[in-house]
Amino acid sequence: MDKYKHLRELMVETQILERGIRDKRVIEVMKKLPRHLFVPENIIDDAYDDRALPIGHGQTISQPYIVALMTELIELKGDEKVLEIGTGSGYQSAILAELAREVHTVERVLQLAEESRKRFERLGYKNIKVYIRDGTEGVPEEAPFDRIIITAATPEIPPPLVEQLKEGGIVVAPVGERYSQYMLKAIKKGNELERYYLIPVAFVPLIGKYGWKDES
Ligand code: SAH
């Protein structure tokens, strides 16, 4: 009698499959991963709702469908070294950790980073490393990466991240204005990005050297 398991199956059925996500590994991991353990205690029963939820510090855990879409778009086979910018709750990081070899995730809000670290430890993830810094500068000491995912809105893919992406590697990010963006999938070809703009989205802003200014 796992109430959350039931809610999770419904989530996958009505939000993920219904909207056309087809990658079997993505679907399996979303069926399995306890999203309710990544949201604040007082909204635990909303964890499987079809929307983003507040996680404190003005930040959000992305809508389940958006997590599934971004994960499908970066095409993980299992052996990748992945860089994530915007750890937040750590939910997306955990999904990545299930589907890739190693995950390097960067968060600028100290408390969110520390809470996520604790979650990863509790849930037994040994292949996630959390960094507290401005993710727009990436993690040069661990580059190059096979895949990069930015889970905050950015005006452009920050140049250091393009540099830290392998040739042929994929980056997925919400790119556009501070309050409205398009989901971008881009493939590195030489020093250029081959770009595919997908659906309109609204993410919290990426704050940093190659993002926006902190207005809080
Ligand atoms: N992937 C997250 C979504 C978090 S929302 C999840 O699954 O919950 C975006 C996060 O990006 C926020 O936690 C915010 O603090 C963080 N962020 C914003 N600018 C950043 C930057 N320059 N470097 C690292 N993290 C940043």
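For the structure, see preceding data.
The rules we used
Each chain carries its own residue numbering, running from 1 in the direction its sequence is written. With pLDDT at 70 or above as the cut-off, local features in this predicted model cover only qualifying residues; side-chain atom pairs require 80 or more to be listed or tallied, and sums for whole chains, interfaces and linings still use all residues. The basis for every side-chain value is the complete set of heavy atoms in the structure, and neither hydrogens nor water enter the calculation. Strands here are runs of E lasting at least two residues and helices are runs of H or I lasting at least four, both read from the DSSP assignment and numbered beginning at the N terminus. C-alpha atoms define the radius of gyration in this analysis, and the globule rule sets the expected value at 2.2 Å times the number of residues to the power 0.38. Three exposure classes are used, based on accessible area relative to the maximum for each residue type with a 1.4 Å probe and protein chains only: buried under 20%, partly exposed in between, and exposed over 50%. It only takes one pair of heavy atoms within 4.5 Å for two residues to be counted as in contact. In short, Shrake-Rupley with a 1.4 Å probe defines the accessible areas, and a residue's cover is counted only from the protein chains shown. His is not counted, nor are the chain ends, whereas Lys and Arg count as positive and Asp and Glu as negative. We put the charge of a Lys on NZ, of an Arg on CZ, of an Asp on CG and of a Glu on CD. By the convention used here, strands pair only if DSSP detects at least 2 bridges between them. By the criterion applied in these results, polar contacts are pairs of N or O atoms within 3.5 Å in which, for protein atoms, one can donate a hydrogen and the other can accept it, and in which residues neighboring in sequence qualify only through two side-chain atoms. One speaks of a salt bridge when a side-chain nitrogen belonging to Lys or Arg is within 4 Å of a carboxyl oxygen belonging to Asp or Glu.

Q: Got a minute to help me understand the overall build of the chain in this structure?
A: Each helix and strand counted, the chain has 6 helices and 9 strands in total. The C-alpha atoms of the chain give a radius of gyration of 16 Å, which matches the 17 Å a tight globule of 216 residues would have. Within the chain, buried positions represent 52% of all 216 residues. The long-range fraction of contacts in the chain, counting pairs at least 24 apart against all pairs at least 6 apart in sequence, stands at 55%. Approximately 10300 Å² of the chain is accessible, and the part contributed by carbon and sulfur atoms is 51%. On the chain, the mean spot of the 31 positive side-chain charges and the mean spot of the 35 negative ones are 2 Å from each other.

Q: Hey, could you run me through the pairing of strand β8 (residues 181-189) in this one?
A: For a regular strand, the rule is simple: side chains alternate between the two faces of the sheet. Burial within β8 is extensive, with 7 of its 9 residues counted as buried. Summarising the sheet, strand β7 (residues 165-176) and β8 pair through 7 bridges and their orientation is antiparallel. The residue of β8 that forms the bridge with I170 is I187. In this structure, the hairpin formed by β7 and β8 is closed by a connection of 4 residues. Of the strand pairs in this sheet, β8 and strand β9 (residues 192-201) are connected by 8 bridges, and their pairing is antiparallel. What sits directly across from K188, in β9, is L193. The turn linking β8 back onto β9 is made up of 2 residues, and G190 within it adopts a positive phi angle of 65 degrees.

Q: Just checking my understanding: could you explain the environment of Y48 for this structure?
A: By the element assignment, Y48 lies in the loop between α2 (24-32) and β1 (53-56). Separated by 12 residues in sequence, Y48 and H36 have C-alpha atoms that sit 7.3 Å apart. Here Y48 is in contact with Y4, L7, R8, M11, Q15, L33, P34, R35 and H36, once residues within four sequence places are set aside. Here R35 takes part through its backbone nitrogen, which lies 3.0 Å from a polar atom of the side chain of Y48. Reaching out from Y48, the side chain makes a polar contact with the side chain of H36 at a distance of 2.7 Å.

Q: So what exactly am I meant to see when it comes to the side chain of E84 here?
A: Here E84 is to be found in strand β3 (residues 81-85). The buried charged residue E84 lacks any salt bridge partner; its closest oppositely charged side chain belongs to R35, at an N-O distance of 11 Å. Of the polar contacts made by the side chain of E84, one reaches the side chain of S93; its length is 2.6 Å. Residues in contact with E84, not counting those within four places in the same chain, are Q92, S93, L96, H104, T105, V106, I149 and T151.

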